[in-house]
Structures are given as structure tokens and as C-alpha cells.
Amino acid sequence: MNQLSGLKMKRVSRTFFKGLIAIVPLVLTLYLLIWLAATAEFALGNIFKFFFPHSWYIKGFGFVLCLPLVYFFGRFLDSRTFRGLFNMLEELLFQIPVVKSIYSAIRDFTSLFSGKQTGKFKQVVLVNVPQGKGQQIGFITVSDIEENPNSFLTNDQIAVFLPFSYQMGGNTVIMSRKNVLEIDLSVEDALRFIATAGVVGNVNGEKDKI
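Summary of the structure given here. (Residues numbered from 1 in each chain as written. Predicted model: local features only at pLDDT ≥ 70, side-chain atom pairs only at ≥ 80, totals over all residues. Heavy atoms only, no water.)

### Quick word on the packing of aromatic side chains
Under the definition given, this model contains 11 aromatic pairs. Between F50 and F51 the ring centres are 5.1 Å apart and the planes differ by 85°, which places this aromatic pair in the edge-to-face class. The burial state of F50 is the same as that of F51; both residues are exposed. Considering the side-chain rings of Y71 and F72, the 5.4 Å spacing of their centres and the 75° angle between planes classify their relative orientation as edge-to-face. A connected cluster of aromatic rings, assembled from ring pairs, spans F48, F52, W56, Y57 and F61. For K49, the ring lying beneath its charged end belongs to Y57, and the centroid distance is 4.9 Å. (Phe/Tyr/Trp six-rings, centres within 6.5 Å; stacked < 30°, edge-to-face > 60°. Buried < 20%, exposed > 50% of the residue type's maximum accessible area, 1.4 Å probe, protein only. Lys NZ or Arg CZ within 6 Å of the ring centre and 35° of its normal.)

### Things to note about the environment of N171
With respect to the element layout, N171 can be found in strand 4 (residues 170-176). In the structure, N171 is positioned 11 residues away from V160 in sequence and 8.2 Å away in space, judged by C-alpha atoms. (Helix = DSSP H or I, 4+ residues; strand = E, 2+ residues; numbered from the N terminus.)

### With respect to the pairing of strand 3 (residues 157-163)
Most of strand 3 sits inside the fold, with six of its seven residues counted as buried. When strand 2 (residues 135-142) meets strand 3, the two strands line up antiparallel, connected through three bridges. The partner of F139 across the bridge, within strand 3, is F161. Judged from the seven bridges that link them, strand 3 and strand 4 form a sheet pairing that is antiparallel. In the strand pairing of strand 4, A159 is matched with I174. (Pairing = 2+ DSSP bridges.)

### What about a nonpolar patch on the surface?
Side chains of F16, F17, L20, I21, I23, V24, L26, V27 and L28 sit close together on the surface and give an oily, nonpolar patch of about 880 Å² of accessible area. Its place among the elements puts F17 in helix 1 (residues 2-51). Take F17: its relative accessible area is 48%, and that puts it in the partly exposed class. (Patch = residues over 30% accessible without salt bridge, like charges linked within 9 Å, V, L, I, M, F, W, Y side chains within 5 Å. Areas by Shrake-Rupley, 256 points an atom, 1.4 Å probe, with all protein chains shown as cover. Salt bridge = Lys/Arg side-chain N within 4 Å of Asp/Glu carboxyl O.)

So far we have only geometry, and geometry alone does not tell us how the molecule works.
Quick look at the structure:
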């Protein structure tokens, strides 16, 4: 009887954690979206009410204003003049010790997953770990000395970026071409695999079986 009860409890626990694993990403995603929407509503809503009568304001108008604002900001970044001003602002931020660390970490992390940044990753490779104890997934960033004429790379060397799992950052390693093996894997799939240590999702982009 006790053994039967134990089996039932294990089955209930397994089902519970299956549901928990499925619902936690949804809840966190919704929470983040709601937080971003509320922040935009609060900030832009107050700005709108500062310049216009309060009677003109409709709840949710701040969030609606955020959408074209972000779009046009992206469009302005295509302008050489606006890009120069934005770079000057970044230089000022980089002069502030604490702000520099926070801003640069967030910027580097978001740019890592952008299409522009992933385009700089030329090839997904397997890098031999020292002493032959395994291999690590990396991305070739510089494969030709002509791409970076001021580089100290020799003709048989390449630069490989090795990102960390479950955290921001990584290491850039200069190594011989013979120490890497090119693999048939997209940059997006490789980034997803590394970011989750291979736990969530798989390299073929298929959904996990729960």
C-alpha cells in the first residue's frame, strides 16, 4: 500500500514539475512584457500630460507612443549625424564607472543576439579543449588577416569567440586553424544551445518533449 502511494506521489510530482517547467517561461515572458509596457506608459504618459491637457490623455496612450518612438529612433540611427551624437552620448556613459559596467554589459548582451551582430560570426566551430578532454562550441570572428590589417594574427591563425552559458560574456581566443572543426549549425541555433547549456531546445530548432 505504501509502495503504491509512493508511486502515485512520484507520478503527481512529475506531472506537477512538467506543468511548472512549461508555465514558468510563459509567466516570466508575460511579466517582462507587462513591466516594459507599464514603464513606457508611466514615462511617456507623464511626458504627454506635461505638454498637453490631462483631459486629452487616454490610459494606454503612453505605450502607444512608445512604439513609433522606438521605430523612429532606429531610423534616426541610420543617419550619420544622429549616429555621431549617439556615439558621443555613449562615450559620456563610458566615463561613469558604475554606469559604464551596467550599460556595456546590457548593450553587448542584446547586440549578441541581433541580426547585425550574429552576421559577424562567420562560422560555428568546435574548439578542442586543452589536454584533449572535450570540445567547446565557438564562433569564428576573424578568419582572414585582410579583414583586420592591424591584427597580430598570422596567416594560419583565426580569432574564435567562446561565449559562456547562463551568463553574459565570453572569451576571444587566437588559435591555429587546425585546432577547430567547422560544423553545420546555424549561429542562432548555436547561440541558443550555448546560452542554455543544451538544456532548453536543441540544435535542430525542434521543441523539447516534456
